[in-house]
Amino acid sequence: MVSGTSRGGFAAIHIMASDRRICAAAVNAPVTNLGAVSEFNQISQHPFVMTANTENLIPALADRFVFIAIGEADPRIDAKSCFEFYARLNAASNLVKPQLFVLPGQTHGTSAAYELGHIAAGAFLLEKTAILTRQKVEQ
């Protein structure tokens, strides 16, 4: 299991995509488009930055347990990019659909109750842990 918030969510998504042993990821207000983050705006078109965007990881993430919590707005990490990533991942997934938990207000700000996203992410990971534990016990 992996989890992270903002850039930590970006890292968690990359870790899951690169390691099939990771069975679930829960991310809160994740960076999905590195070029949208102000520190990377000036190099947003650099091949390394463009390759790092999470949309490139969709083939490795499709049909896996992914939970995303984000506010309805988030100018810091570009919520629109996150919603687009979710939509593409959802379209690419047939057996296991990603889960999206949208908070009212703005994450990376003061108006979203971001604690709710963390609680929902924790519940998601606990559920997946219970499923895997039960499967191992039954074997």
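Above this text sits the structure in question.
Not measured: the values here are computed from a predicted model.

*Asks:* Got a minute to help me understand the overall build of the protein chain in this structure?
*Replies:* Along the backbone of the protein chain there are five helices and four strands. Each helix (α) and strand (β) of the protein chain, taken in turn from the N terminus, gives the series β-α-β-α-α-β-α-β-α. Within the protein chain, buried positions represent 42% of all 139 residues. Looking at the protein chain alone, contacts between residues at least 24 apart form 64% of all its contacts between residues at least 6 apart. Surface summary for the protein chain: the accessible area is close to 7,500 Å², and the carbon and sulfur share equals 58%. Across the protein chain, the mean location of the 11 positive side-chain charges is 7 Å away from that of the 11 negative side-chain charges.

*Asks:* Honestly, helix α1 (residues 7–18) in this entry has me stumped. Any pointers?
*Replies:* Along an α-helix, residues three or four positions apart point the same way, because every turn accommodates 3.6 residues. Under the 1.5 Å per step criterion, the end-to-end length of α1 is 17 Å for 12 residues, consistent within 8% with the ideal 16 Å. Among the residues making up α1, those that are buried are Gly 9, Phe 10, Ala 12, Ile 13, Met 16 and Ala 17. Taken end-on, α1 shows its buried residues confined to a sector of 165 degrees, consistent with a single buried face. In the core, the buried residues of α1 are packed alongside β1 (2–5), β2 (24–28), α2 (47–52), α3 (58–61), β3 (65–73) and α4 (79–92).

*Asks:* Just checking my understanding: could you explain the nonpolar core for this structure?
*Replies:* For soluble globular proteins, the rule of thumb is that nonpolar side chains tend to be buried together. If you look at the biggest cluster of nonpolar residues, it comprises 26 residues, and the most contacted ones within it are Met 16, Leu 61, Ile 68 and Phe 85. Apart from the residues lying within four places of it in its own chain, the contact partners of Met 16 are Val 2, Ile 22, Cys 23, Ala 24, Ala 25, Leu 61, Arg 64, Phe 65 and Val 66.

*Asks:* Explanation requested: the sheet that holds strand β4 (residues 99–106) in the structure shown.
*Replies:* Spatial strand order, β1-β2-β3-β4: four strands in an open sheet with parallel pairing. Each edge of the open sheet is held by one strand with a lone partner, namely β1 and β4. Averaged over all pairs of adjacent strands, the angle between strand axes in this sheet comes to 15 degrees, irrespective of strand direction. Bridge count for β2 against β3 is five bridges, and the pairing is parallel. The residue bridging Asn 28 from the neighbouring strand is Ala 69, located in β3. Along the sheet, α4 contacts β3 and β4; its crossing angle with β3, the most-contacted strand, is approximately 150 degrees. Taken strand by strand, helix α5 (residues 114–138) contacts β1, β2, β3 and β4, and its axis lies near 180 degrees from that of β2.

*Asks:* What's the story with the environment of Leu 57 in this structure? I'm lost.
*Replies:* Along the chain, the position of Leu 57 falls in the loop between α2 and α3. If we ignore the near neighbours within four places in the chain, the residues touching Leu 57 are Ile 13, His 14 and Ala 17.

*Asks:* Could you clarify how one ought to interpret the packing of aromatic side chains in this entry?
*Replies:* Aromatic ring pairs are described here by two measures, namely the spacing of the ring centres and the angle between the planes. The tally for this structure, following the rule as stated, stands at two aromatic pairs. In textbook terms, an aromatic cluster arises when at least three aromatic residues are bridged by ring pairs, as seen for Phe 67, Phe 101 and Phe 124.

The rules behind the values
Residues numbered from 1 in each chain as written. Predicted model: local features only at pLDDT ≥ 70, side-chain atom pairs only at ≥ 80, totals over all residues. Heavy atoms only, no water. Helix = DSSP H or I, 4+ residues; strand = E, 2+ residues; numbered from the N terminus. Buried < 20%, exposed > 50% of the residue type's maximum accessible area, 1.4 Å probe, protein only. Contact = heavy atoms within 4.5 Å. Areas by Shrake-Rupley, 256 points an atom, 1.4 Å probe, with all protein chains shown as cover. Lys, Arg positive; Asp, Glu negative; His and termini not counted. Charge placed at Lys NZ, Arg CZ, Asp CG, Glu CD. Expected span 1.5 Å × (residues − 1). Arc of directions from axis to C-beta. Core = buried A, V, L, I, M, F, W, Y, C linked by side-chain atoms within 4.5 Å. Pairing = 2+ DSSP bridges. Axes fitted to C-alpha atoms, helices over the stretch in contact; angles between N-to-C directions. Phe/Tyr/Trp six-rings, centres within 6.5 Å; stacked < 30°, edge-to-face > 60°.

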